[in-house]
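Remarks on the overall topology
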Amino acid sequence: MLKHLRRRLTILFSILTAAVLAAALTATCRMAQIEAVSGADLVFANTVSAIEDAVTENNLVRDGWLASQEAAGRLVLYMEDNGHPLVFSGGWTPADARTTLVALAREQAVSAGLNPDRLHRQKVNFSLNGAQLSGSYTCTAMLLPSEQMSSAVLLYIIRDMGPLHDRLWAMVWQYTALWAAGALIVFYPCRKFHRKPHFVETLLMHTSYDRKA
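Residues numbered from 1 in each chain as written. Predicted model: local features only at pLDDT ≥ 70, side-chain atom pairs only at ≥ 80, totals over all residues. Heavy atoms only, no water.

So, on to the pairing of strand β3 (residues 122-127). Only one face of β3 is buried: it carries Gln122, Val124 and Phe126, and the other face, with Lys123, Asn125 and Ser127, is open. Relative to strand β4 (residues 137-145), β3 is paired through 6 bridges, and the arrangement is antiparallel. Bridge assignment links Gln122 to a residue of β4, and that residue is Leu143. (Buried < 20%, exposed > 50% of the residue type's maximum accessible area, 1.4 Å probe, protein only. Helix = DSSP H or I, 4+ residues; strand = E, 2+ residues; numbered from the N terminus. Pairing = 2+ DSSP bridges.)

As structure tokens, this is what we get:
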């Protein structure tokens, strides 16, 4: 009876410990994911500001600099100056065709509230939607008029969300592995503990045998 009770208490303790460990690791994983998303969003916002400043202040953007910004941030950049597209081959090759991404960005930017006919500074953020897309993308579209308000640059910054999503899933698997290792550490000694006879139980068994004898 004592052995059965001890076994039930040990199993209960192990389950509670594993549950507490799962809750703690889930909260930690969630905080780590929030921090990762915030950090990635901050880097993207800084990149958008740098590109915006380069277009509005310098009036001259070099292909090499744009290519480095694209490759570093996994971005697809597209610009139009007074309706004339900037010839730019890009700094990397996304999973989906650039022409497809740009076409969707131009179409959905209008739905998000961008009006190219109004010559004032505009900025909209939206997610790219398309059945033909194999990846996940967001887009920041801006209309940047000149100082004389006689012309404007349309700028589309398409962001590939695949690396960030992969990083978040890697965190999930990492913390899941930590929980599994912790659960094994909790349950394995309990299993070995069950195989060893308890001192009190052994003493009672010997006393019972002596009385029968």
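With that out of the way, let us pick up the side chain of Gln69. Along the polypeptide, Gln69 turns up in helix α2 (residues 63-73). Apart from residues no more than four positions distant in its own chain, Gln69 is found in contact with Thr47 and Leu75. (Contact = heavy atoms within 4.5 Å.)

We now examine the packing of aromatic side chains. Throughout the structure, instances matching the rule amount to 1 aromatic pair. With a centroid separation of 5.9 Å and 40° between ring planes, the pair formed by Tyr78 and Tyr156 is classed as tilted. With a gap of 78 residues between them, Tyr78 in strand β1 (residues 75-81) and Tyr156 in strand β5 (residues 152-160) connect regions that are remote in the sequence. The exposure class of Tyr156 is buried, given its relative accessible area of 4%. (Phe/Tyr/Trp six-rings, centres within 6.5 Å; stacked < 30°, edge-to-face > 60°.)

Those residues of α2 lying buried are Leu66, Gln69 and Glu70. With its buried residues spanning 100° around the axis, α2 presents them on a single face. Opposite its buried face, α2 presents the exposed residues Gly64 and Ala72, each directed more than 90 degrees away. Of the residues flanking the end of α2, it is Arg74, one or two places downstream, whose phi is positive at about 55°. (Arc of directions from axis to C-beta.)

Here the protein chain shows a mean pLDDT of 83. Residues at 70 or above account for 81%. Confidence drops under pLDDT 50 across residues 196-201; counting only partners more than four residues distant or on other chains, this segment forms 6 contacts. Here residues 209-213 is a poorly scored stretch, pLDDT under 50, and it has 0 contacts once near neighbours within four places are set aside; other chains count. (pLDDT = per-residue confidence, 0-100.)

A word on unusual backbone geometry. Here the phi dihedral of Arg74 falls at roughly 55°; this positive angle occurs in a residue that is not glycine. Take Arg74: it is sitting in the loop between α2 and β1. Given a relative accessible area of 36%, Arg74 falls into the partly exposed group.

It is worth spelling out the pattern of salt bridges at this point. Tallied over the full model, the rule gives 5 salt bridges. Ionic pairing is found between Arg159 and Asp41, a salt bridge with its closest N-O pair at 3.0 Å. With a gap of 118 residues between them, Arg159 in strand β5 and Asp41 in helix α1 (residues 2-58) connect regions that are remote in the sequence. Given a relative accessible area of 34%, Asp41 falls into the partly exposed group. With a shortest N-O distance of 2.5 Å, Glu70 and Arg98 are connected by a salt bridge. Here Arg98 lies in helix α3 (residues 98-112) and Glu70 lies in helix α2, a separation of 28 residues in the sequence. Glu70 gets classed as buried once you look at its relative accessible area, which sits at 0%. (Salt bridge = Lys/Arg side-chain N within 4 Å of Asp/Glu carboxyl O.)

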